[in-house]
Amino acid sequence: MGIRVITDRCDGCGLCVQSCTYNAIEIKDNMAFISLENCTFCNACVPACPTEAIVIKVRAYGNTPVQDYKGVWIFAEQIKEKEDRQGSQPCKGQIHGVVFELLSKGREIALQLGVDCSCVLLGHNIKNCSSCLIARGADKVYVVDDKRLEEFNVEPYTQVITKLVLKYKPEIFLAGSTSTGRVLFPRVAARLKTGLTADCTELDVDIEKKLLLQTRPAFGGNIMATILCENKRPQMATVRHKVMKEAEFNDKRKGEIIEAGVQSALSASGGGEPLPSRTKVIKFVEDLTQQVNIQEADIIVSGGKGLGAPENFKLIEELDEVLGAAVGSSRPPVDDNWIPYSHQIGQTGKTVRPKLYIACGISGAIQHLAGMSSSESIIAINKDPEAPIFKIADLGIVGDLFEIVPELTERLRKKR
Ligand SMILES: Cc1cc2nc3c(=O)[nH]c(=O)nc-3n(C[C@H](O)[C@H](O)[C@H](O)COP(=O)(O)OP(=O)(O)OC[C@H]3O[C@@H](n4cnc5c(N)ncnc54)[C@H](O)[C@@H]3O)c2cc1C
Ligand code: SF4
Ligand code: SF4
C-alpha cells in the first residue's frame, strides 16, 4: 500500500491537513507533504482534496477482481455442550447463539445484495447442525466434517477456512466476537490480506457500492465509527453477541448442504497436505469464573459505583432473587473487585438484551450503554436527576437506591 501527492495537482489549500486526525500531513512551500511514519492509510484525506491530488494505491489479492466475490458467509461456531443451552430446537446448545443473530442480519444483507447467505461449519459429527442452520436462514452450508477438526484449534481451522474462501470467494464473511471468533478471524484475514473490523455492534450495506458498513465503538467508545473495506475481499467482521435479533427457526426452509471435505478444502490450491499445527489441544477445561451467563437472562438488575461498597451488592441480589433475575454490574465495581468480571456489562464487558434491565446507581456512561441500550425495557434508579442513564430509561426513579431498592424488593416479595 502506498500514498502520494500528485504535485502538479496540489495547490497547497490545506484542506487535507484538517481531514487528517493522525497529523500526517503538513504544507511546505504551498505543497502537501505526507509523513509515512504517521500515516495509517485511513483514506480520509483522499475525498477531502478538491483537486484529487492524493492517491492511495492498494494491491488486490491475487488477480481476482473484487466484483468476482459473491455471497455472504457466516462462520457457524459451535459451543461446548453445557454452555448457552436453551430451548428444545435442534442445535440450541450446539451452535453458538451469535450465529443465529448473524444469520438474521446476514440474510437481510444477502437479500439486499441479491446473493446467497451461507454458513461454514467445521468439526466432527456435525452434519445434523446443517439442517438447523438452513432452518435459521442459510441458503447453503459448507460442511467440513473431519475427526481432526473435532476440537477448535486455530491453525488448522485458519488453514481450512482460508482455502474455502479462496475457492468459493464470498464478498462478506462474518463471525461472532467470541473468544473463538477473535482468535480465528484476524488470522484468516491476514492470510487473505483483507481487512477485518473487530467487535462490530451494527452492520448495514451500501447496495450500490456493495460495501459492508461495519460500525463499532472507537476512541474509547466516545464515537461510533463506520468502517469500510473498499478494495479487498472478503469484507470481514466480527460482531458482538446479543446486539442483533436471532433469526427465527423455520424447519420448512430448504437449502443446500455442500460437503467440502478437508482434502477438497485444502486442495483448492493444489495441496492436499495434512493439517499442520504448532499447538495441540490436550483437554477442555471450563473457566468456572465465567459461569454466569447474564447474556441469556430475561431480567437483569445491575449495580454501579453508586452502591458505594461491595457488601451493598446484597441489595441487588435480594431484588434479583424475587424477580428471578441475574446480577449485572458496571465496570467500576469489577475494577474494584466487588464482583467478578463475568457480571460486567458494557463495551469491555458483555452485551445484553434482556426484557427488563434495572440500573441501580449507574450513571449511564456511553461505554456502559454500549452493552445494554438494546434492552427491551430499562428502569433506572439514580439520585442525580441529570444522570445520562435517564435519557435512555423507559422509567426513571430519582432517589436514593438504599431506600428504593429494599422497598421494591419488599413489595415484590409480598406480591409473590
Ligand atoms: C475504554 C473504556 C471501556 C469501558 N468499558 C466499560 C464497560 O464495559 N462497562 C462499564 O460499565 N463501564 C465501562 N467503562 C467505564 C465508563 O466510562 C464509566 O466510568 C462507568 O460506566 C461508570 O460506572 P458507574 O455508572 O457505576 O459509576 P459512576 O459514573 O461513578 O456513577 C455512579 C452513579 O451512581 C449514582 N449514585 C450514587 N449514590 C447513589 C445512591 N445512593 N442512590 C442512587 N444513585 C446513586 C450517582 O448519581 C452516579 O450517577 C469503560 C471506560 C473506558 C475508557
Ligand atoms: S487538499 Fe489537495 S490540493 Fe489542498 S493541500 Fe491537500 S493535497 Fe494539496
Ligand atoms: S491516509 Fe489518513 S492518516 Fe494518511 S495522510 Fe491521509 S488522512 Fe492522514
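Report on the accompanying structure. Because the structure is a prediction, the values reported are computed rather than measured.

**Looking at the site of ligand 3**
Part 1: In the vicinity of ligand 3, 14 residues are found, and the nearest of them are Cys-20, Ala-24, Cys-39, Cys-42 and Cys-45.
Part 2: Partitioned by chemical class, the residues of the shell around ligand 3 number 11 nonpolar, 3 polar and no charged.

**Focus on the nonpolar core**
One broad rule of soluble globular proteins: the nonpolar side chains tend to lie buried together.
Part 1: Judged by nonpolar contacts, the single largest core of 57 residues is most densely connected at Ile-74, Ala-76, Val-120, Leu-121 and Leu-133.
Part 2: For this core, the element with the highest residue contribution is helix H3 (residues 97–113), accounting for 7 residues.
Part 3: Those residues within four positions of Ala-76 in sequence are excluded, and the remaining contacts are Ile-95, Val-99, Cys-119, Val-120, Leu-121, Cys-129 and Leu-133.
Part 4: With 29 residues, the next largest nonpolar core counts Ile-294, Met-372, Ile-378 and Ala-387 among its residues.

**Some points on helix H6 (residues 179–192)**
Part 1: Counted at 1.5 Å a residue, the expected span for H6 with its 14 residues is 20 Å, and the 21 Å between its end C-alpha atoms agrees.
Part 2: Packing partners of the buried residues in H6 comprise strand S5 (72–75), helix H5 (154–168), strand S8 (172–176), strand S9 (196–200) and strand S13 (235–239).
Part 3: The first or second residue beyond H6 is Lys-193, which carries a positive phi of 55°.

**Remarks on the site of ligand 2**
Part 1: Taken together, the neighbourhood of ligand 2 is formed by 15 residues, with Cys-10, Cys-13, Cys-16, Ala-32 and Cys-49 sitting nearest.
Part 2: A per-class count over the shell around ligand 2 returns 11 nonpolar, 3 polar and 1 charged.

**Regarding the packing of helix H8 (residues 313–323) against helix H12 (residues 401–415)**
Part 1: In the contact formed by H8 and H12, the axes pass within 9 Å of each other and the chain directions differ by 25°. With respect to H12, the element H8 is oriented roughly parallel. In terms of crossing hand, the pair formed by H8 and H12 is left-handed. Contacts from Leu-315, Glu-318, Leu-319, Val-322 and Leu-323 of H8 reach H12 at Val-405, Pro-406, Leu-408, Thr-409, Leu-412 and Arg-413.
Part 2: In terms of residue class, the contact of H8 with H12 is built from 8 nonpolar, 1 polar and 2 charged.

**What to know about the environment of Tyr-168**
Part 1: Along the polypeptide, Tyr-168 turns up in helix H5.
Part 2: A residue is classified by how many C-beta atoms lie within 10 Å of it, and Tyr-168, with 20 of them, is buried.
Part 3: Separated by 98 residues in sequence, Tyr-168 and Lys-70 place their C-alpha atoms 8.4 Å apart.

**Notes on the sheet that holds strand S18 (residues 377–382)**
Part 1: Sheet architecture is open: 5 strands sit in the order S16-S15-S17-S18-S19, paired in parallel fashion. Two strands close off the open sheet at either side, each with one partner strand: strand S16 (326–329) and strand S19 (395–398). Put simply, the sheet's adjacent strands are angled 20° from each other on average, direction ignored.
Part 2: In terms of strand pairing, strand S15 (residues 299–303) meets strand S17 (residues 356–360) through 5 bridges, oriented parallel.

**Here we look at the sheet that holds S13**
Part 1: Strand order in the open sheet made by the 7 strands is S9-S13-S8-S5-S6-S7-S14, with parallel pairing throughout. Strands at the two margins of the open sheet, each flanked by one partner only, are S9 and strand S14 (256–259). Averaged over neighbouring strand pairs, the angle between their axes works out to 20° when direction is ignored.
Part 2: Against the sheet, H3 engages S5, strand S6 (117–123), S8 and S13, with an angle of about 175° to S5.
Part 3: Packing of H6 onto the sheet brings it into contact with S5, S8, S9 and S13, and relative to S13 it is tilted by some 170°.

Thresholds, definitions, all that
Residues numbered from 1 in each chain as written. Chains lettered and ligands numbered in written order. Predicted model: local features only at pLDDT ≥ 70, side-chain atom pairs only at ≥ 80, totals over all residues. Near = placed C-beta within 6 Å. Nonpolar A, V, L, I, M, F, W, Y, C, P; charged D, E, K, R; others polar. Core = buried A, V, L, I, M, F, W, Y, C linked by C-beta atoms within 7 Å. Buried ≥ 20, exposed ≤ 12 C-beta atoms within 10 Å, placed from the backbone. Helix = DSSP H or I, 4+ residues; strand = E, 2+ residues; numbered from the N terminus. Contact = placed C-beta atoms within 7 Å. Expected span 1.5 Å × (residues − 1). Axes fitted to C-alpha atoms, helices over the stretch in contact; angles between N-to-C directions. Parallel < 35°, antiparallel > 145°, perpendicular 65-115°, else oblique. Left-handed = near helix turned anticlockwise from the far one by under 90°. Pairing = 2+ DSSP bridges.

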